[in-house]
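# Structural features, examined
Listed here are the chains, written in short residue letters.
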Amino acid sequence: MKVLVLRRVLPEVLPEFLALVPEEKRHRFLQLLSQLLRKSDDTEVEPWLPALFDNDDEAIGQATLLLQDFDAYDQAPILLNGSQPVQGARYVNTCFTRAHSELPLPATTCMAAGRRYRLRIDIGPWSTDSIVENPVRFPADHLPATRVGYWLLVAVNSVEFVVDSRQRPFFLPARGPGWICQCPPGTRHTCRAEERSPYLFIDIATPATQGRADLRLTITYGGGLVQSQFVTADIREVERSGAGTRARIDFTLAGLFDTVGTLPQRDMNVTTEQGSDGSHLLTIGGLSSERISFRLTEEQMRDAGGAARRALRDLQEQPVPVPVLRWPGRRKGEHRLVADLARLAPLGRRLWDLLLADRPQQRAVLKRRMRSPVTVQVARTGRIGFVFPWALVYDIGLEDGNPDAHHACRIVDELSSPAPPECPYEREHRLNTLCPYGFWGIRHTIEQPPSVEGTHSIALQVRGARPSVMAVGLGTGLDRQLTEQHLARLAELRPSIVAERHDSRAALVDALARPDLPLIYFYCHGRRQRLPGAVEPVPYLELGPGERITPTDLTALHDQAWAASHWANTSPLVFINSCHSVEITPGSLTQFVDAFSGIYAAGVIGVETVVTQSLASTIAERFWVSFGAGRTVGEALTDVKLTLLGEGSLLGLAYTAYCSANLRLANG
Ligand SMILES: [Zn+2]
Ligand SMILES: [Zn+2]
Ligand SMILES: [Zn+2]
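### A look at the overall build of the chain
- When its secondary structure is counted, the chain shows 15 helices and 29 strands.
- Residue burial in the chain is summarised as follows: out of 668 residues, 57% are buried.
- In the chain, the share of contacts with a sequence separation of at least 24, taken over all contacts with a separation of at least 6, comes to 74%.
- On the chain, roughly 28200 Å² of surface is accessible, and the fraction owed to carbon and sulfur atoms is 49%.

The following block contains the structure:
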């Protein structure tokens, strides 16, 4: 194959090529490839293959076959229409330039400390200037259909680089490369072609000292994250060649939007990622024109999250004497919800402080934007094990040092099931008010879609027949009477859902082997076990006596026992209702989330803390009734929360959706 042809087919070839190159060699591979692409048009590609693939015979063989395929393909007339050879395939291309230049710095150039540079971004055919190591198509084909195009928002933020983190509009037409212009975002274009620039430039300043510096590039549409890149730079005292700069796409939202018609609107989005020093970086976007980044250490996360979750757990088991609290229309006395609020709200307030105590402006914006119910999307990027208890964040100011002043909102005396979606006395909230609607998890819908790399998609529909089969994995060591009652209630889900019980691991694995299984429900204990060679204890679900299912089992079954497309068309929803599972932490729950989403499940619903078996049953029954009736996961969980709140319980906060809040059962 000639270089001329390679350039044309590169967007198709590159992902396949990269799959042949081990992760640690990709940087080098891309350097060589960009050298090759700069050669004259009639340079032969094949002699370069040994160097490109580091003399790996297997990889060279595969690459040769691939090129032969494309050579043949390229001779087909359909590809020879010249002007737009890669129509449809568009990539977010990123590189750095010097302060007053439009020319890319080579990926192997290290930027100098304490200097000004620019980040240059375009969306179009894959560019050899790009420092992205794992080019993944920008999923425009999955955005809602339009004949014109999309006003996207691009933002960059960083702890190390100095950068203006405002969101900037970028227009992506229905076809062809995107551009920047002076037209107001969201309006029709009145600009002329020559007034458009393909590049978005963002000024940055490198840190004053040498070392590693990271930044995150996010592209959102309708408030939801569409794609995100993690950019890493090796900063030196002076500009010179070395490890240079590189970027990885670590989040791509794609999937079934085309069948749904609209991209879910998201009011606020949060990305979480592991920093280079083990700390966690959280970035909040969608609130104003600015994205906010902050770092938390592992310890801060664990302490704050752990305390809040323990308090939630204790609400069920150890009702304490009611503290001296005031609330209107009543004398001091027993009031369960007020007592629960008094225990949980101060811990939720600490979570809020951890996030925002030192950010007065952002606090104000956040308060304004989140006054009414919104949907918050939390995207975990890469493989990250921690889960921040977003539902427990409490945003009404409380004085830790003045608990006597804590007083209950009027609503606590007027609640009936289901509770209203917003507090009718919101205007009366002031310092030290205890109100259930102060918790983000009561007032808002929080979704934590599974983290996905590459071309994986986030499902918005579970495709099932009518009735849809729900495989129920029953654990041992449960209260028999409660279990039978629970199963009897699940039997009433017909005609929408038919529950099939499985008492052993073997029986459940048989059920999971069905390629069109839409619903999976674990009603069992979750535990953890130390295994030789594993750094962390391995979580498992306990089914029959001494029988267990681990996250690794699921991946192994999918790879070895099931077809590659197993569940790909169904996108089953998994509910892990592991009642009093002391040993399953939210962190180990995410291992199940990752394993299930890695085998085409739409997502997982899980418990954040320990719940009693009877509460776990009640919550699941209400959820399945609502979900079976065609409501989305977000709506069904809200139903559960507000019903429980109407009965005076905050325990609806214990359940988290690790899937799109818009996911629904399509079995009509
Ligand atoms: Zn314009
Ligand atoms: Zn209130
Ligand atoms: Zn249990």
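### Examining the nonpolar core
- Core analysis: the largest hydrophobic core is formed by 90 residues, its most contacted members being Leu573, Phe623, Trp624, Phe627, Val633 and Tyr655.
- Residue-level mapping places this core at the junction of two domains, with at least three residues from each of domain 3 (298-447) and domain 4 (461-666).
- Tyr655 has contacts with Phe575, Asn577, Ile605, Gly606, Val607, Val611, Ala616, Ile619 and Leu637, leaving out every residue within four places of it along the chain.

### Some details on the coordination of the zinc ion (ligand 2)
- Summarising the metal site, the zinc ion (ligand 2) is bound by the protein donors Cys409 (SG), Cys423 (SG), His429 (NE2) and Cys435 (SG), whose distances to it range over 2.0 to 2.3 Å.
- In primary-sequence terms, the residues that donate to the zinc ion (ligand 2) follow C-x13-C-x5-H-x5-C. Comparing His429 with Cys435 shows no difference in burial state: the two are buried.

### Some remarks on the coordination of the zinc ion (ligand 1)
- Listed as protein donors to the zinc ion (ligand 1) are Cys181 (SG), Cys183 (SG), His189 (ND1) and Cys191 (SG); their distances from the metal cover 2.0 to 2.3 Å.
- Around the zinc ion (ligand 1) sit four donor atoms, and with donor-metal-donor angles ranging over 102 to 114° the site reads as tetrahedral.
- Spacing between the donor residues of the zinc ion (ligand 1) along the chain follows C-x1-C-x5-H-x1-C. The residues Cys181 and Cys183 share a single accessibility class, namely buried.

### Notes on the sheet that holds strand E23 (residues 525-529)
- With antiparallel pairing, three strands are arranged side by side in an open sheet as E23-E24-E25. Of all the strands in the sheet, the pair left with one neighbour each is E23 and strand E25 (548-549).
- As paired elements, E23 and strand E24 (residues 538-542) share five bridges and run antiparallel to each other. The partner of Gln529 across the bridge, within E24, is Val538.

### A short note on the sheet that holds strand E8 (residues 211-221)
- The strand order across the open sheet built from five strands is E6-E4-E8-E9-E11, with neighbouring strands paired in antiparallel fashion. Two strands bound the open sheet, and with one partner strand each, they are strand E6 (168-173) and strand E11 (245-252). On average, each strand axis in the sheet is tilted by 25° relative to the strand beside it, whichever way the strands run.
- Two strands pair when backbone bridges link them, and strand E4 (residues 149-157) and E6 are joined in this way by six bridges, in the antiparallel orientation. Across the sheet, the residue bridging to Val154 is Arg168, located in E6.

### Describing the pattern of salt bridges
- Tallied over the entire structure, the rule returns 25 salt bridges.
- Here Arg192 ties to Glu194 by a salt bridge, and the two come within 3.0 Å at their closest N and O atoms.
- A relative accessible area of 61% places Glu194 in the exposed class.

### Digging into the side chain of Gln229
- Among the secondary structure elements, Gln229 is positioned in strand E9 (residues 224-235).
- When its relative accessible area of 2% is taken as the criterion, Gln229 is described as buried.
- Of note is the side chain of Gln229, whose polar atom sits 3.2 Å from the backbone oxygen of Val92.
- Among the polar contacts listed, one links the side chain of Gln229 to the side chain of Thr94, at a separation of 2.7 Å.
- In contact with Gln229, other than residues within four places in its own chain, are Val92, Thr94, Val132, Leu215, Arg216, Leu217, Ala247, Arg248, Ile249 and Asp250.

### A look at the pairing of E8
- Among the eleven residues that make up E8, eight are buried, leaving the element largely enclosed by the rest of the structure.
- Two strands pair when backbone bridges link them, and E4 and E8 are joined in this way by five bridges, in the antiparallel orientation. Counted as the bridge partner of Val156 is Leu217 from E8.
- Of the pairings in the sheet, the one linking E8 to E9 comprises eleven bridges and is antiparallel in character. Among the inter-strand pairings, Leu215 is bridged to a residue of E9, identified as Val231.
- Count of turn residues in the E8/E9 antiparallel hairpin: two residues, of which Gly222 carries a positive phi of about 60°.

About the cut-offs
- Sequence order as written defines residue numbering, which begins from 1 separately in each chain.
- To label them, take the chains in the order written and letter them from A, then take the ligands in the order written and number them from 1.
- Local features are withheld for residues below a pLDDT of 70 in this predicted model, meaning they are given only at 70 or higher, and side-chain atom pairs are given and counted only at 80 or more; totals for whole chains, interfaces and linings count all residues.
- Only hydrogens and water are removed before side-chain values are computed, so all heavy atoms of the structure are retained for them.
- Helix numbering and strand numbering both begin at the N terminus, where a helix is a DSSP run of H or I of at least 4 residues and a strand a DSSP run of E of at least 2.
- Buried means the residue's accessible area, taken with a 1.4 Å probe over protein chains only, is under 20% of the maximum for its type, while exposed means over 50%, and partly exposed covers the values in between.
- Here, residues are in contact when the closest pair of their heavy atoms is within 4.5 Å.
- The Shrake-Rupley method, run with a 1.4 Å probe sphere, supplies the accessible areas, and residue values consider only the shown protein chains as cover.
- We call a set of buried Ala, Val, Leu, Ile, Met, Phe, Trp, Tyr and Cys residues a nonpolar core when their side-chain atoms join them within 4.5 Å.
- Those domain boundaries reflect an automatic or database domain assignment.
- Each metal's donors are the N, O and S atoms found within 2.8 Å of it, except that Na, K and Ca use a 3.2 Å limit; water is left out, so coordination can look incomplete.
- Site shape is set this way: if four donors have all angles between 85 and 135 degrees, tetrahedral; if opposite donors are over 155 degrees apart and all others between 65 and 115, square planar for four donors and octahedral for six; otherwise irregular.
- Criterion used throughout: strands pair if DSSP finds at least two bridges between them.
- Angles shown run from 0 to 180 degrees and are taken between the N-to-C directions of axes, each axis being a line fitted to C-alpha atoms and, for helices, limited to the stretch in contact.
- For this analysis, a salt bridge means a side-chain nitrogen from Lys or Arg found within 4 Å of a carboxyl oxygen belonging to Asp or Glu.
- Definition of a polar contact: a pair of N or O atoms within 3.5 Å, with one able to donate and the other able to accept a hydrogen when the atoms are protein atoms, and with sequence-neighbouring residues admitted only if both atoms are side-chain atoms.

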